[in-house]
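# Structural features, examined
This is what each chain is made of:
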Amino acid sequence: MNFQMKTHGGAAAKTSTLEALAPAGGDIAVDEAADFGYLLPPGGDPSQHGEDISDADLDTLGTLMVPNSQAIDATPDAPLAPVLTYWGQFLDHELTARTDRESAITTIVNAAPKMTGPEIEQNLKNARTPRFDLDSVYGGAPIGPFASEAEQKAAAILRTGLRHPTLTAKMRVGTAVPSGNLPDALDPHRDLPRFHQVEQKVRDAALEIARAQMDDKDFNKFKNGLPKRALIGDMRNDENIIIAQFHLSFLRFHNKVVDFLTENETAWIPDFEAAKTLTTLHYQWLVVHGYLKDMCDPAVVQRIIDTRNSHYDAFRAAYAARNPGRVVGNVIPLEFSVSAFRFGHSMVRNIYDYNNTFGRPNGQAPFDQIFAFTGGGGLGANFGLDATNIPQDWIIDWSRFVNADGSFTDGKPQRMARAVDTVIAPPLGAMVNEGDDEDDPAPLRELFRHLARRNLRRGKSLRIPTGQALHAHLQAIGAVTSGPQMDVASWVNTKPDLAAFLSGHAMNSATPLWFYILAEAEAAPGEGLGEMGSWIVAATFIGALMDDADSALARGFHPSQSPLRTSDGQAIDSIENWMRFAAVLA
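Residues numbered from 1 in each chain as written. Predicted model: local features only at pLDDT ≥ 70, side-chain atom pairs only at ≥ 80, totals over all residues. Heavy atoms only, no water.

## A word on the overall build of the protein
Tallying secondary structure elements over the protein gives 21 helices and five strands in all. Relative to its length of 586 residues, the protein is compact, with a C-alpha radius of gyration of 23 Å against a globular reference of 25 Å. In terms of overall dimensions, the protein has a C-alpha envelope of 65 × 60 × 55 Å along the principal axes. Counting every position in the protein, which comprises 586 residues, the buried fraction comes to 61%. (Helix = DSSP H or I, 4+ residues; strand = E, 2+ residues; numbered from the N terminus. Rg over C-alpha atoms; globule rule 2.2 N^0.38 Å. Buried < 20%, exposed > 50% of the residue type's maximum accessible area, 1.4 Å probe, protein only.)

In C-alpha cells:
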C-alpha cells in the first residue's frame, strides 16, 4: 500500500464491500496485501470469543473506562516519555491498516460477527507491508497486480512528489508560517509537505485516486481540503500534530544524512539510497532498543530474541496450514492489530506541555487543538486561521517529550505519558474529527466518537479471543510462563466502579482482549505491558524485523557501526539523539 487518502474512517464507509486483495476505501494501489490471522486458531468453543456478550454491555464497560471530563486526575501519570505514545502510533501505522475502519467485515454498528474465523482470515487483508520499511515515509512501490494501470500511474506520480524537486537525494518538507514564536533557535522548515507545494499533476493524481474510491460527498470534502493536506505515504500520520511532527523527524533525519555524508569523509555516497538505508537501520534499531524495551517487559523481549521467535514462527506455520496458498507477505496477528497494540490509547494525555507557547510558561495544549492544527483539522481553521502550513508556534518542543519529567509542582501537565491501565483520557470519549457524518443518527455519531466503545465492539466483530482463552493458549505452547486470570476484577480493584461491574458479569472470566491486556499491565510490576501483552507486541515486531534480511536486527546493526554522529560526536542510540541529529531538537 502506498498512500492513504482517508484517516481511520467512521460510519460513512459502513456500506462498502471489502474485497480481498483489492484497495479498501482510502487505500491506493495495493502492491502487497498481507494477511491477518489468529494467534488462537479459530473455531472450537464459542465462549473463547465472548460471542454472547451484548453490545450494550461492551458499551457499559467502555463508558466506565472513560472518566468524567472533570476528573482528569483519574488517568494517572507514568514515568514514561510522552513521545512513546505517538511513536507507538507511528509504528502501528507502519504495520497495519483496515482493522480500525468500518467495512462489511469490521463493522461495529452491530458488532455481531458477520463471518466465521476462517472466513475473516481469508477475506480481511492488511493494507500495509508487514515490515518496518518506512513505506509511510518513502511510499511503497506503485506497481501491483491488483491495481489498475491508472492507479499505478497516479500512485507513481504521488510517490515522486514526496521527493525534493531539485535536491533529488532529499525528501520534501514544508515550512511553518510565521505566527507567534518558534519554540527554539532552529529553522522553521518543520512541517510536513503539503499539496499546495507541488505541481498540478501531483494534485491531479491524488484527486484521480480519491475519485475512484470515494462517494461524491467525501470526494468534494477531500478536494476542497487538498491544498492543506500532507503529501505523505499514510494520511493517518497527519491526524494529530504530535504524530505529524514525529513523521517530520524522519524526513529531516533523511535530509541530514545526505548533508552529513556530503560534509564528512565516509565510505558512503551521499545519495538518496544511502540516506534511506541509514535512516531505516537507525529507526529499526530504535524500534527494539528504544521503544520495545521501554513498553514491554525487557526479559520477554530478550527471551523472544534468544529463541529466534520460535513460538511466533509456529503461529505463522499454523496459519499457513489453515490457509494454503493464501499468504501474500507475512501474516500479522489479529490479536495484535485489534487489541494488544491499542494499549497506547491509555497513554494519551488530555493536555500537553507542548512548547513555550502552548505550555510552560505561557499556556498548554488541550486535546482538541492537538487535532486542529493538522491538515485534517484545517491547520487551525476552527480557531480563525487560514494558514497554508502549521503556524510556527505549533512546532513541537521535543525536549518536553523525549524524556519523562514528573518534577513539576505548578499544577500543569507533567512531561510524562499516562499510565498503561484500564482508564483512558476523557477526550477519547468524545473524539474530535470523528463521527462527523451528519447523515448518521446521533447515537451512531456518538459511538464513533467514543474510542473505548469502538475498540471493544471491534474486538467482538472480528472474533478476537478473550484474554483468558488466548492467555491459556500461549501458556500451553510455552510462549508465556504465566496463566490466565479468571478474576480480572482483582486486577482493577483500585477502580471500584470497574471492579464492581466486572465482578457481577461474565466478562470477569471471559474478558475482551483489549481490556484484559490493559488490566494485566495495570496489575504488573513496572510501567509497561504485562507478560502476555509484552509477548504479543514484541513477537510481532521482532517477527517483522527477522523476516527482513536487510533489517537492523537481521544484520546485527548497532548505531556505533554507523558513520552518523550528532554534532557532539554521539552515536544515534536514543530517540533524543535521533531528534538532535534531525535538527528538530536543539
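## Digging into the confidence of the model for the protein
Confidence in the prediction for the protein averages 88 pLDDT; 91% of positions are at 70 or higher. Below pLDDT 50 for its whole length, residues 1-7 participates in 56 contacts with residues either more than four positions away or in separate chains. Low pLDDT (under 50) marks residues 9-31, which in the prediction has 81 contacts with non-local residues, meaning those over four places away or in another chain. (pLDDT = per-residue confidence, 0-100. Contact = heavy atoms within 4.5 Å.)

## What about the nonpolar core?
Counting 168 residues, the largest nonpolar core has Trp 398, Trp 535 and Phe 541 as its most contacted members. If we skip the residues at most four places from it in the chain, Phe 541 touches Leu 91, Leu 95, Phe 132, Val 287, Tyr 291, Leu 292, Phe 336 and Phe 341. (Core = buried A, V, L, I, M, F, W, Y, C linked by side-chain atoms within 4.5 Å.)

## A look at the environment of Ala 111
As for its position among the elements, Ala 111 is in the loop between helix 2 (83-95) and helix 3 (117-123). The buried category is assigned to Ala 111, whose relative accessible area is 0%. In this structure Ala 111 touches Asp 55, Arg 457, Lys 460 and Ser 461, once residues within four positions along its chain are discounted.

## Concerning helix 10 (residues 298-306)
The complete set of buried residues in helix 10 reads Val 300, Val 301, Ile 304 and Ile 305. Taken down its axis, helix 10 places every buried residue within 135 degrees of arc, on the same side. Among the structural elements, helix 9 (272-295) and helix 19 (531-546) are those in contact with the buried residues of helix 10. Residue Asp 297 occupies the N-cap position of helix 10, its side-chain oxygen lying 2.9 Å from the main-chain nitrogen of Ala 299. Phi turns positive one or two residues past the end of helix 10, at Arg 308, with a value near 55 degrees. (Arc of directions from axis to C-beta. Polar contact = N/O pair within 3.5 Å; in protein donor to acceptor, adjacent residues only side chain to side chain.)

## Examining the pattern of salt bridges
Inspection of every chain in the model, using the stated rule, returns 32 salt bridges. The shortest N-O distance in the salt bridge between Asp 234 and Arg 236 comes to 2.8 Å. Salt bridges linked by common partners bring Asp 353, Arg 360, Asp 397, Arg 400, Asp 410 and Arg 415 together as one network. (Salt bridge = Lys/Arg side-chain N within 4 Å of Asp/Glu carboxyl O.)

## So, the sheet that holds strand 3 (residues 332-333)
Reading across from one edge, 2-1-3 is the order of the three strands in this open sheet, with mixed pairing throughout. Of all strands in the sheet, those with a lone pairing partner are strand 2 (125-126) and strand 3, marking the two edges. The pairing of strand 1 (residues 34-37) with strand 3 spans two bridges and is parallel. If you follow Phe 36 over to strand 3, its bridge partner there is Ile 332. (Pairing = 2+ DSSP bridges.)

## As for the packing of aromatic side chains
Overall, the coordinates contain 32 aromatic pairs when judged by the stated rule. Here Phe 246 and Trp 398 contribute two aromatic rings whose centre-to-centre distance is 6.2 Å and whose plane-to-plane angle is 75 degrees, an arrangement assigned as edge-to-face. With Phe 246 in helix 8 (residues 241-263) and Trp 398 in the loop between helix 13 (367-372) and helix 14 (442-449), the pair connects residues that are 152 residues apart, well separated along the chain. Taking the relative accessible area as the measure of exposure, Phe 246 reaches 1% and is therefore buried. (Phe/Tyr/Trp six-rings, centres within 6.5 Å; stacked < 30°, edge-to-face > 60°.)

## Quick notes on the environment of Cys 296
Considering the arrangement of structural elements, one finds Cys 296 in the loop between helix 9 and helix 10. You can call Cys 296 buried: its relative accessible area is 3%. Once residues lying within four places of it in the same chain are set aside, the contact partners of Cys 296 are Val 301, Leu 529, Ser 534, Val 537 and Ala 538.

## Quick word on the packing of helix 9 against helix 10
Relative to each other, helix 9 and helix 10 sit at 135 degrees, their axes nearing to 8 Å. By the angle between their axes, helix 9 is oblique relative to helix 10. Relative to helix 10, the crossing made by helix 9 is right-handed. Seen from helix 9, the contacting residues are Val 288, Leu 292 and Lys 293; seen from helix 10, they are Pro 298, Val 301, Gln 302 and Ile 305. (Axes fitted to C-alpha atoms, helices over the stretch in contact; angles between N-to-C directions. Parallel < 35°, antiparallel > 145°, perpendicular 65-115°, else oblique. Left-handed = near helix turned anticlockwise from the far one by under 90°.)

## A look at the packing of helix 2 against helix 8
Two elements in contact, helix 2 and helix 8, have axes separated by 9 Å at closest approach and are oriented at 70 degrees. With respect to their mutual orientation, helix 2 and helix 8 come out roughly perpendicular. Counted together, Val 83, Tyr 86, Trp 87, Gln 89, Phe 90 and His 93 of helix 2 and Ile 242, Ile 243, Phe 246, His 247 and Phe 250 of helix 8 form the full contact between these two elements. Partitioning the contact of helix 2 with helix 8 into residue classes produces eight nonpolar, three polar and no charged. (Nonpolar A, V, L, I, M, F, W, Y, C, P; charged D, E, K, R; others polar.)

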